[in-house]
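Listed below, chain by chain, are the residues.
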Amino acid sequence: MFETPTSTKQHDESRQGEALLLENDSKKSNGRKLYIESYGCQMNFSDSEIVASILLDKGFETTRDYKEADVVFINTCSIRENAEQRVRNRLKEFESAKAKNPGMVVGVLGCMAERLKSKFLEEEKLVDVVVGPDAYRDLPNLIEQVDEGSRAVNVLLSREETYADISPVRLNTNGVTAFISIMRGCDNMCSFCVVPFTRGRERSRDPQSIVKEATDLFNAGYREVTLLGQNVDSYNYETINFANLLEKVARVNPLLRVRFSTSHPKDITDEVLHTLARYENICKYIHLPVQSGNSRVLNLMNRTYDREWYMERVSAIRRIIPECGISTDVITGFCSETEEEHLETLSMMDYVKYDFAYMFAYSERPGTLAAKRYADDIPEEVKKRRLTEVVNRQREHSLERLQTYVGKTHKVLIEGLSKRSDNDYCGRNDQNSMVVFPKDDRYKVGDYVNVYAEKCTSATLIGKIID
Ligand code: SAH
Ligand code: SF4
Ligand code: F3S
């Protein structure tokens, strides 16, 4: 399993890949079935919705069962070694299905496809097609090539592609919350990170197409959108910056909640914070990955901010938006990290008291700056022990933060039935904390309710609707 036992939320890069269901639709079927499974970050899940849309247009229906599929796609992640290992294990499971149905097309999409390119075809014999994240428009053509008996690869990265005109097919949806990609790629070159290599250069999507997508979602009954990018604060399209874009989306309708991820500490501006403060429907929640609490390590990571800068950004958030929830990402055991430097990560956690965190042991990725320049010299057991310390500290803070929400009333968007009981609803408050409360037939999924939080567990607020 993965290193983050506490993380089950929507931005989790390490969650279980899942089969995606696509409703049959009015497009004329070509009689072939598509199965697509996604790993990695939310951008990958979003991309799968683009892929489904492109293939639906060509008449592919989807199935939840890969054994009955004619085309099996796996949309992959390279962020840590075990993310790649899981994909390889999963491909092994597809082997017997392919043996029974030799006409089955098996495709690898996403970041691993981009990283390994045609090497994938040598390494994994059952794979027919390898397609990088900027080449999905070429999929119908590539499938045709496979049908004609060759194996196919397209891993060209683009400086322009944003799939702005493609209306994603919402897969596995609750009908209430959706993700909108606002940009692609990353120009930041953090030394540990493979994303700039797998996703290419940063580019922003036309704001009009973003506002249109948000409006269409609202009209279809959705009540929350999350704007996605690796560094949303560097969004820039002609004269529109991220604060301007947030405002445009917030104005679609006061009943449409707006969230966003990921913010970069070096780029998040007071203008963005003031925009959050000004619009009631922009959720008061910021995911602000710190990675390390020590300035020397941050410098080696090429994060381009130091401990003091990060603390100043946090105090700006607390000053401008006092009720804001903050979450983070942490890496333990980065190259040459000392025990004292690790303790600075813990003290940073004490300073911020994050609501939530995704925590990882450093995993060296081939081709990254860190792999070229620095020795991966922290023993695995030390990385893991530091990770355990970070996870334990976060558990205390998550509980502490939730306890400050107990005894207060929260505006909650009902997302569905609680996982544990059909008699309870669940949804999130502004700060992105999960809230569970008894079902009340006067309210349905997609409605806003005021919930008084009576108590909490380590990860959930428990309460009741008040009128
Ligand atoms: N763009 C986001 C991060 C995307 S990757 C940002 O800049 O914050 C999500 C998280 O995975 C990162 O924040 C980092 O904590 C973690 N991560 C990335 N590369 C990693 C590696 N090589 N080893 C361990 N964790 C890594
Ligand atoms: Fe990776 Fe850094 Fe870009 Fe985030 S900002 S995707 S960590 S290079
Ligand atoms: Fe993974 Fe690629 Fe996202 S490496 S975290 S799927 S951008």
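Residue indices follow the written sequence of each chain, beginning from 1 at its first position. Starting at A for chains and at 1 for ligands, labels are handed out in the order in which the entities are written. For this predicted model, a pLDDT threshold of at least 70 governs which residues receive local features, and a threshold of 80 or more governs which side-chain atom pairs are given and counted, while totals over whole chains, interfaces and linings are taken from all residues. Where side-chain values are given, they derive from all heavy atoms of the structure, hydrogens and water being excluded.

**What to know about the site of ligand 1**
1) Next: Around ligand 1 there are 16 residues in total, and Gln230, Pro289, Gln291, Asp329 and Ser363 lie nearest to it.
2) Next: Contacts to ligand 1 include Phe192, whose backbone N or O atom sits 3.1 Å from a nitrogen atom.
3) Next: Gln291 places a side-chain nitrogen or oxygen 2.7 Å from an oxygen atom of ligand 1.
4) Next: Working definition of accessibility: Shrake-Rupley area with a 1.4 Å probe, residue cover restricted to the visible protein chains. Protein contact buries 94% of the 550 Å² of open area that ligand 1 shows by itself. The criterion for a residue being near a molecule or strand is simple. One of its heavy atoms has to lie within 4 Å of it. Pairing of N or O atoms within 3.5 Å defines a polar contact, subject to two protein rules: one partner must be a possible hydrogen donor and the other a possible acceptor, and residues neighboring in sequence count only if both atoms are side-chain atoms.

**Considerations on the nonpolar core**
1) Next: As used in this record, nonpolar core signifies buried Ala, Val, Leu, Ile, Met, Phe, Trp, Tyr and Cys residues forming a set joined through side-chain atoms within 4.5 Å. Three exposure classes are used, based on accessible area relative to the maximum for each residue type with a 1.4 Å probe and protein chains only: buried under 20%, partly exposed in between, and exposed over 50%. Judged by nonpolar contacts, the single largest core of 68 residues is most densely connected at Leu227, Phe242 and Ile286.
2) Next: By size, the runner-up hydrophobic cluster in this structure holds 24 residues, among which are Ala69, Val72, Met104 and Val108.

**Let's talk about the packing of aromatic side chains**
1) Next: Between the rings of Phe, Tyr and Trp (Trp by its six-membered ring), a pair exists once the centres lie within 6.5 Å; its type follows the angle of the planes, with under 30 degrees stacked, over 60 edge-to-face, and the other angles tilted. Within the structure shown, the criterion is met by 10 aromatic pairs.
2) Next: Centroid distance Phe242 to Phe260: 5.4 Å. Interplanar angle 70°. Geometry classified as edge-to-face. Placement of Phe242 in helix H8 (residues 242-250) and of Phe260 in strand E14 (residues 257-261) is noted, with a sequence separation of 18 residues between them.
3) Next: The buried category is assigned to Phe260, whose relative accessible area is 2%.
4) Next: Where Phe334 meets Tyr374, the ring centres are 6.5 Å apart and the plane angle is 75°; that geometry is what we call edge-to-face. Numbering of helices and strands runs from the N terminus; a helix is a DSSP stretch of H or I covering at least four residues, while a strand is a stretch of E covering at least two.

**Digging into the site of ligand 3**
1) Next: Looking at ligand 3, the residues that line it are Cys41, Asn44, Cys77, Ser78, Ile79, Cys111, Val195, Arg199 and Gln230.
2) Next: Just so you know, the domain bounds were taken from an automatic or database domain assignment. Counting the residues that make up the shell around ligand 3, at least three belong to each of domain 1 (6-154) and domain 2 (177-404).

**Topic: the sheet that holds strand E16 (residues 325-332)**
1) Next: When DSSP locates at least two bridges between a pair of strands, those strands are taken to pair. If you trace the three strands from one edge of the open sheet to the other, you get E15-E16-E17, paired in parallel fashion. Among the strands making up the open sheet, the edge pair consists of strand E15 (285-287) and strand E17 (356-361). Adjacent strand axes in the sheet meet at a mean angle of 10°, parallel and antiparallel pairs treated alike.
2) Next: In this structure, E16 lies alongside E17, joined through six bridges in parallel fashion. The partner of Asp329 across the bridge, within E17, is Tyr358. Geometry is summarised by axes, namely lines fitted to C-alpha atoms with helices restricted to the contacting stretch, and by angles between N-to-C directions that run from 0 to 180 degrees.

**Quick look at the state of the cysteines**
1) Next: Here, a disulfide means two cysteine sulfur atoms that sit within 2.5 Å of each other. Enumeration over the complete set of coordinates arrives at zero disulfides.
2) Next: Cysteine Cys283 shares no disulfide, and the gap to the nearest cysteine sulfur, in Cys324, comes to 9.9 Å.
3) Next: Cysteine Cys456 is unpaired, with the sulfur of Cys426 as its nearest cysteine sulfur at 17 Å.

**Some points on the packing of helix H7 (residues 207-219) against H8**
1) Next: Packing of H7 against H8 leaves a shortest axis separation of 9 Å and a crossing angle of 30°. When the axis of H7 is compared with that of H8, the two are roughly parallel. The way H7 lies across H8 gives a crossing that is right-handed. Contacts from Pro207, Ile210, Val211 and Ala214 of H7 reach H8 at Leu245, Lys248 and Val249. With respect to orientation, any angle under 35 degrees is reported as roughly parallel, any angle over 145 as roughly antiparallel, any angle of 65 to 115 as roughly perpendicular, and every other angle as oblique. Each helix crossing is assigned a hand: it is left-handed if the near helix lies turned anticlockwise from the far helix by less than a right angle, otherwise right-handed if that turn is clockwise. Any pair of residues with heavy atoms lying within 4.5 Å of one another is described as a contacting pair.

**Overview of the domain arrangement of the protein**
1) Next: As far as domains go, the protein holds domain 1 (6-154), domain 2 (177-404) and domain 3 (409-466).
2) Next: The centre of domain 1, based on its C-alpha atoms, is set 28 Å off from the matching centre of domain 2.
3) Next: Buried surface at the junction of domain 1 and domain 2, summed over both partners, amounts to about 2,400 Å²; 55% is from carbon and sulfur atoms.
4) Next: We count a salt bridge whenever a side-chain nitrogen from Lys or Arg sits within 4 Å of a carboxyl oxygen from Asp or Glu. Taken together, the links from domain 1 to domain 2 amount to five salt bridges.
5) Next: In this structure, the salt-bridge partner of Arg365 is Glu84, at a minimum N-O distance of 3.2 Å.
6) Next: Between domain 1 and domain 2 we count eight residue pairs in polar contact (both at pLDDT 80 or more) in total.
7) Next: Mapped onto the side of domain 1 that touches domain 2, the elements with two or more residues apiece are helix H1 (42-56), helix H2 (81-100) and helix H3 (111-116).
8) Next: Ranked by residues supplied to the side of domain 1 that touches domain 2, first place goes to H1 with five residues.
9) Next: Just so you know the grouping, Ala, Val, Leu, Ile, Met, Phe, Trp, Tyr, Cys and Pro go in nonpolar, Asp, Glu, Lys and Arg go in charged, and all remaining residues, Gly too, go in polar. Here the side of domain 1 that touches domain 2 is composed, by residue class, of five nonpolar, nine polar and 10 charged. Take the accessible area each of two parts loses on contact, using a 1.4 Å probe, and add the two losses: that sum is the buried area.

**Overview of the pattern of salt bridges**
1) Next: Enumeration according to the criterion identifies 46 salt bridges in this entry.
2) Next: One salt bridge connects Asp355 with Arg401, and the closest N-O pair in it is separated by 3.2 Å. In this pair, Asp355 is assigned in the loop between helix H12 (339-352) and E17 and Arg401 in helix H14 (residues 380-405), connecting sequence segments 46 residues apart.
3) Next: Here Asp355 falls in the buried class, since its relative accessible area comes to 10%.
4) Next: Across the pair Arg428 and Glu415 runs a salt bridge whose closest N-O atoms are separated by 3.7 Å. Placement of the pair is Arg428 in strand E19 (residues 424-428) and Glu415 in strand E18 (residues 409-417), with a sequence separation of 13 residues.
5) Next: We classify Arg428 as buried; its relative accessible area is 7%.

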